[in-house]
Amino acid sequence: MVDLTKRTETATASLVSLMKKAQADGVDLGEVSAACVLVMDHSGSMRKLYKSGHVQDLAERVLALSLTGLDDDGDIQVVFFDHKPFPAETVNAGNYAGFVDRWDQGRHYGTTNYADTIATVLADVPSGGAPPGGCRGSSRRRAPRGRRRCRRSSSS
């Protein structure tokens, strides 16, 4: 099992570096957080990457980045897809270990269809905001109508 503390520290340093660069370029990000969604290809060409642990490693890196404060609640919605998107799953600090292997176990790898998956994920994003409750098929609770889970405020 990977220690998320070290990954989170590394992700925080990377995020701070990117934010400083953006600020030097004149971009004021203020305080930004959003509901993060990770979309993962589960087609036949990805089989070796799943079996070698590279996909699990990626999921852990994204979770570590979310724990730096980028994500609004520490729960990352993961949408696996092949020729169709699968219902969203939630990964967080409590279930990340072996998450990808558990999901992958016993599933067949299909062909790749990016378009339907992108359309499904984007259909859940209100204009100007992040998915209020994750993607279709998710058990994640939706935000009240008219409220965005994504918050942005400038620091004075």
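Here goes a summary of the coordinates provided. Note that the structure is a prediction, hence the values are computed from the model and not measured.

Concerning the pattern of salt bridges
Close approach of charged atoms allows side chains with opposite charge to pair. Across all of its chains, the model carries two salt bridges by this definition. With its nearest N and O atoms 3.1 Å apart, the salt bridge here joins D104 to K51. Residue D104 is found in helix α4 (residues 99-104), and its partner K51 is found in helix α2 (residues 47-51); the two are separated by 53 residues along the sequence. Between R61 and D57 there is a salt bridge, with the nearest N and O atoms lying 2.9 Å from each other. One end of the pair is R61 and the other is D57, both in helix α3 (residues 54-70) and four residues apart, which spans about a single turn.

Here's the deal with the side chain of Q77
Considering the arrangement of structural elements, one finds Q77 in strand β3 (residues 76-81). A relative accessible area of 0% places Q77 in the buried class. Side chain to side chain, Q77 and T90 meet in a polar contact 2.8 Å long.

What to know about the sheet that holds strand β4 (residues 89-91)
Ordered in space as β2-β3-β4, the three strands form an open sheet in which the pairing is mixed. Single-partner strands in this sheet number two, and they are β2 (37-41) and β4. Shown here is a sheet whose adjacent strand axes are inclined to one another by a mean of 35 degrees, direction ignored. Direction of pairing for β2 relative to β3: parallel, over a ladder of five bridges. Across the sheet, the residue bridging to M40 is F80, located in β3. Strands in contact with α3 are β2, β3 and β4; relative to β2, the strand with the most contacts, it is inclined by about 170 degrees.

Points about the nonpolar core
Generally speaking, a soluble globular protein has its nonpolar side chains buried in company with each other. Counting 18 residues, the largest nonpolar core has M40, Y50, I76, V78 and F80 as the members making the most contacts within it. Contributions of two or more residues to this core are made by β2, α3, β3 and α4. Once residues within four sequence positions are removed from consideration, I76 is found in contact with C36, L38, V62, L63, S66, D71, E89, T90 and V91.

Brief notes about the packing of aromatic side chains
Counted according to the given criterion, the structure contains five aromatic pairs. Between F86 and W103, the ring centres sit 5.1 Å apart and the planes meet at 85 degrees, which makes this aromatic pair edge-to-face. In this pair, F86 sits in the loop between β3 and β4 while W103 sits in helix α4, placing the two residues 17 residues apart along the sequence. Residue F86 is classed as buried on the basis of its relative accessible area of 15%. Ring-pair connections join several aromatic residues into one group, and the members of that group are F80, F86, F99 and W103. Just above the ring of F86 sits the side chain of R107; from NZ or CZ to the centre is 5.4 Å. The cationic tip of R107 hangs over the ring face of W103; the distance from NZ or CZ to the ring centre is 3.9 Å.

Considering helix α5 (residues 114-123)
Residues that lie three or four places apart on an α-helix share one face, since the helix turns once every 3.6 residues. Taken as a whole, α5 has its buried residues at T117, T120 and V121. Projected down its long axis, α5 shows its buried positions confined to an angular sector of 95 degrees, all on one face. With respect to the buried face of α5, the exposed residues turned more than 90 degrees away are A115 and L122. Each element contacted by the buried residues of α5 is listed here: β2 and β3. A distance of 3.2 Å separates the backbone nitrogen of A115 from a side-chain oxygen at the start of α5, and that oxygen is part of N113.

Each value, and the rule that gives it
Residues numbered from 1 in each chain as written. Predicted model: local features only at pLDDT ≥ 70, side-chain atom pairs only at ≥ 80, totals over all residues. Heavy atoms only, no water. Salt bridge = Lys/Arg side-chain N within 4 Å of Asp/Glu carboxyl O. Helix = DSSP H or I, 4+ residues; strand = E, 2+ residues; numbered from the N terminus. Buried < 20%, exposed > 50% of the residue type's maximum accessible area, 1.4 Å probe, protein only. Polar contact = N/O pair within 3.5 Å; in protein donor to acceptor, adjacent residues only side chain to side chain. Pairing = 2+ DSSP bridges. Axes fitted to C-alpha atoms, helices over the stretch in contact; angles between N-to-C directions. Contact = heavy atoms within 4.5 Å. Core = buried A, V, L, I, M, F, W, Y, C linked by side-chain atoms within 4.5 Å. Phe/Tyr/Trp six-rings, centres within 6.5 Å; stacked < 30°, edge-to-face > 60°. Lys NZ or Arg CZ within 6 Å of the ring centre and 35° of its normal. Arc of directions from axis to C-beta.

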